[in-house]
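A closer look at the structure
Read off the chains here:
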Amino acid sequence: MIRIFAALLLLIASPALAQSPPAGITWQGDFSQGGLVQGRVQNPGAQPGLKLMLGQRRVPLGPNGEFVFGFGRDEPAEAVLIIERPDGRRSEHKLSIAPRNYDIQRIEGLPPAQVTPPPSVLDRIKRENAKIAEVRRRETPSLDFLGGWIWPADGPVSGVYGSQRILNGEPRQPHFGLDIAAPAGSPVRASTAGIVVMAEKDLYFTGGTIIIDHGQGINGAYSHLASVTVKVGQHVKQGEVIGTVGATGRATGPHLDWRVNWFDVRLDPQRLLRPR
C-alpha cells in the first residue's frame, strides 16, 4: 500500500482537472491529454465480476482492485468511464480531460529522402511496426508500475511529448516521447521495474530498442540505444542499467527517446517524473 501512495503522490504534481470518483472507487492522477490515472476499486472481493471500461476499452483490475488508464495526445474534452456491476447495473461517469498546447514546427526545403523513407525499406518498417504493436497489446497482471518512476538517463531534455514537425508541407507523426540528450555510451536505466518484452539492436526508425512491460497494459520503450544489455523475458528492477545512449536508427545525435504507453494510448512520460 505504501508503494501505491508513493506512486500516486508523483502524479499529484501534474497539471490536471480534479475529478470526483464514482462511489466505491478511489483514484488520483492526471486528467489531461497524455495523462495517467491510477486507482482502486474498494472491496473488490464483494463485487466479483465487476468490470471497468474507458470508452470501448476494458480497464484491467488487479487482485486488490488496482487499475490504471490513460489519455492520448489528442484526447477529446470528455471521456466516459463505464462501470458494469455483477448484478447487471451499468453506470456511466463523464471525465473532463484538460487540453494542452503543443509546439508545431514547419521546416521547408528538405531533400525528399529526409521526409519520406525510400520504398526499399517500407516492408521492413511494416514488419517492425507490427511487432511493436503486438507487444503493446500485452495485458499482464503485474503491478510493477506502482513502484513509481525515475529519470532513465542523465542529461538535458531535448524533445518533449506532443511536439510535431511539418516537413516540406507534410505533417509528420507527433513526437510521443521524452528525449534526453546525453553522450553516447551513457547508461540507460529502467524507469520502473518490469519484464523485457522487446530487445532489438537495429530497428529502422528507433535503432537499438527495448520495451518493458510494467503490467496492466503499461509499457515503456527506450530507443536509439548504442547497446542493449538485457534479453526478452528478463525481469529488471527500477534503476537497473538496460543499455547505453546512442544515435542508432533515424537520429541526428546521441540521445534517449523514452516513451510510455497504456496499450496503444501514448502517454506523456515527463508527467510521471519528479522535476529535476
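Residues numbered from 1 in each chain as written. Predicted model: local features only at pLDDT ≥ 70, side-chain atom pairs only at ≥ 80, totals over all residues. Heavy atoms only, no water.

**Overview of the pairing of strand E12 (residues 178-181)**
- Two strands pair when backbone bridges link them, and strand E9 (residues 157-159) and E12 are joined in this way by two bridges, in the antiparallel orientation. Of the residues in E12, the one forming a bridge with Gly-159 is Asp-179.
- Bridge count between E12 and strand E19 (residues 255-262): four bridges; the pairing is antiparallel. The residue bridging Ile-180 from the neighbouring strand is Leu-256, located in E19. (Pairing = 2+ DSSP bridges. Helix = DSSP H or I, 4+ residues; strand = E, 2+ residues; numbered from the N terminus.)

**Describing the sheet that holds strand E3 (residues 51-54)**
- Strand order across the open sheet formed by four strands is E4-E3-E6-E7, with antiparallel pairing between neighbours. Pairing within the sheet leaves two strands with one partner each, and these edge strands are strand E4 (57-59) and strand E7 (90-96). For this sheet the average axis-to-axis angle between neighbouring strands, irrespective of direction, equals 30°.
- Sheet topology places E3 next to E4; three bridges connect them, and they run antiparallel. Counterpart to Met-53 in the pairing with E4 is Arg-58. (Axes fitted to C-alpha atoms, helices over the stretch in contact; angles between N-to-C directions.)

**Description of the pattern of salt bridges**
- The tally for this structure, following the rule as stated, stands at 15 salt bridges.
- The partner of Asp-268 in a salt bridge is Arg-100, and the shortest N-O contact between them spans 2.9 Å. Here Arg-100 lies in the loop between E7 and strand E8 (104-107) and Asp-268 lies in the segment after strand E20 (265-267), a separation of 168 residues in the sequence. No difference in accessibility class separates Asp-268 from Arg-100, as the two residues are buried.
- The network of salt bridges with common partners includes Asp-30, Arg-100, Asp-268 and Arg-271. (Salt bridge = Lys/Arg side-chain N within 4 Å of Asp/Glu carboxyl O. Buried < 20%, exposed > 50% of the residue type's maximum accessible area, 1.4 Å probe, protein only.)

**Comments concerning the packing of aromatic side chains**
- Taken as a whole, this structure holds 11 aromatic pairs when the rule is applied.
- Centre to centre, the rings of Phe-67 and Phe-69 are 6.0 Å apart; their planes meet at 5°, and the pair counts as stacked.
- Looking at Phe-67, the relative accessible area reads 1%, which means it is buried.
- Classification of Phe-69 as buried rests on a relative accessible area of 0%.
- One aromatic cluster in this structure is built from Trp-27, Phe-31, Phe-67, Phe-69 and Phe-71.
- The lysine or arginine in question, Arg-73, covers the ring of Tyr-102, its NZ or CZ lying 4.3 Å from the ring centre.
- Directly above the ring of Trp-151 sits Arg-276, whose terminal nitrogen or CZ lies 3.7 Å from the centroid. (Phe/Tyr/Trp six-rings, centres within 6.5 Å; stacked < 30°, edge-to-face > 60°. Lys NZ or Arg CZ within 6 Å of the ring centre and 35° of its normal.)

**Examining the sheet that holds strand E1 (residues 25-29)**
- The strand order across the open sheet built from three strands is E1-E2-E5, with neighbouring strands paired in antiparallel fashion. Every other strand in the sheet has two partners, leaving E1 and strand E5 (66-70) as the edge strands with one partner each. Sheet twist, expressed as the mean angle between neighbouring strand axes with direction ignored, is 20°.
- Inspection of the sheet shows strand E2 (residues 36-41) paired to E5 by five bridges, in the antiparallel sense. Pairing of Leu-36 across the sheet is with Gly-70, part of E5.

**Points about empty space enclosed by the protein**
- If you walk through the whole model with that rule in mind, you get one cavity of 30 Å³ or more.
- Approximately 30 Å³ is the volume attributed to the largest cavity.
- Lining the largest cavity we find Val-135, Arg-136, Arg-138, Val-197, Asp-213, Gly-217, Ile-218 and Asn-219.
- Secondary-structure elements contributing two or more residues to the lining of the largest cavity are helix H2 (122-136) and strand E16 (218-228).
- Tallied by class, residues from the lining of the largest cavity come to three nonpolar, two polar and three charged. (1 Å grid on protein atoms, 1.4 Å probe; cavity = no way out; pocket = protein on both sides within 12 Å on 5 of 7 lines; lining within 4 Å. Points joined across faces, edges and corners; volume = space filled by probe spheres on them. Nonpolar A, V, L, I, M, F, W, Y, C, P; charged D, E, K, R; others polar.)

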